[in-house]
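Tertiary structure, described
Residue strings, one per chain:
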Amino acid sequence: MMNDDTAEILKLQPHSLQAQVLDRLRDEIIRGVWRPGVRLQERALCERFGISRSPLREAYQVLAAEGLLELLRNRGAVVSAPSLPLVLQNYTLLRTLEVLAIELACDAATDGDLQAIAATHEEEKRAVDPVKAFELNNALHRMIVVASHNQPVIDAHHVVSRQIIRVQNVNGFPEPRVMPGDEHDTFIDPLLKRSKAGAVKGLKAHLTHVEDNLRQRLTTLAETEEYRVSA
């Protein structure tokens, strides 16, 4: 549910209202501000953003197409509950894109790209708070994709990664068995040396562990009362 800070009235500029509402609601759903099963109140959101219902409903349509909302008769817009089969389908695509990206990055990354990746990796390894560590984890994976300098791969990864990050955010961060930074050595070190074989091998092993974690998260989420109501 929204807290007092996020419920404040946020007046949007008159241009691109639908796009602004869309970006804000998408971000809040992904960050877990709006949890699965919560119904979005049209009147409250219109007042919050200072808009009419038309741009809000246009945003709802896009979010429904992205799988973040369900538009239900007599209930309106309800935040969807990510199912294990669909999340794993998205993860298959994410995994494919990230493996391709790290291979491309071994050739295409600039020295500046690699320096920034190395710096973020070191920061992640020093992080002691699990939430901060996973935020840096997500940033690091994204930096590798961007370092591929392949725009279609970058764009597709941006869309599909939302679905996976949402699962992380919706039920919090457990204490990991191994901190992400430690496991990232297996593919960051070869990447910095531009070794394709080593980078791909290390990333594939890491992503297998990430999939196991996703399965555990979805199992835990599905056991909560609010998730069962929304499913």
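Let us look at the structure shown here. (Residues numbered from 1 in each chain as written. Predicted model: local features only at pLDDT ≥ 70, side-chain atom pairs only at ≥ 80, totals over all residues. Heavy atoms only, no water.)

With that settled, the discussion passes to the pattern of salt bridges. Under the counting rule described, the total for this entry stands at 11 salt bridges. With its nearest N and O atoms 3.3 Å apart, the salt bridge here joins Asp111 to Arg194. Of the two residues, Asp111 sits in helix α5 (residues 111-126) while Arg194 sits in the loop between α8 (180-192) and α9 (196-222), which places them 83 residues apart along the sequence. On the accessibility criterion, Arg194 (30% relative accessible area) is partly exposed. (Salt bridge = Lys/Arg side-chain N within 4 Å of Asp/Glu carboxyl O. Helix = DSSP H or I, 4+ residues; strand = E, 2+ residues; numbered from the N terminus. Buried < 20%, exposed > 50% of the residue type's maximum accessible area, 1.4 Å probe, protein only.)

On to the pairing of strand β1 (residues 69-72), then. Across four bridges, the pairing between β1 and strand β2 (residues 76-79) is antiparallel. Bridge assignment links Leu69 to a residue of β2, and that residue is Val79. Between the antiparallel neighbours β1 and β2 lie three residues, among them Asn74 with a positive phi of about 70 degrees. (Pairing = 2+ DSSP bridges.)

Looking at the element boundaries, Arg26 is found in helix α1 (residues 17-30). Looking at Arg26, the relative accessible area reads 10%, which means it is buried. Side-chain polar atoms of Arg26 contact the side chain of Asp23, separated by 3.2 Å. Setting aside anything within four residues of it in sequence, one finds Arg26 in contact with Val62, Leu63, Glu66, Leu68 and Arg162. (Polar contact = N/O pair within 3.5 Å; in protein donor to acceptor, adjacent residues only side chain to side chain. Contact = heavy atoms within 4.5 Å.)

This part is about helix α4 (residues 84-108). An α-helical turn contains 3.6 residues, so any two residues separated by three or four positions project in the same direction. Between its first and last C-alpha atoms α4 spans 35 Å; for 25 residues at 1.5 Å apiece the expected length is 36 Å, and the two agree. Residues Val87, Leu88, Asn90, Tyr91, Leu94, Leu97, Glu98, Val99, Ala101, Ile102, Ala105 and Cys106 constitute the buried set of α4. (Expected span 1.5 Å × (residues − 1).)

Before going further, it helps to examine the nonpolar core. In this structure, Ile102, Ile117, Ile144 and Leu191 are the most contacted members of the largest nonpolar core, which totals 30 residues. Looking at this core, the element that brings in the most residues is α4, giving nine residues. In this view, Ile102 contacts Ile144, Phe187, Leu191, Ala199, Val200 and Leu203; residues no more than four positions away in its chain are not counted. Listed in part, the 20 residues of the second largest apolar core include Val21, Ile29, Leu68 and Val79. (Core = buried A, V, L, I, M, F, W, Y, C linked by side-chain atoms within 4.5 Å.)

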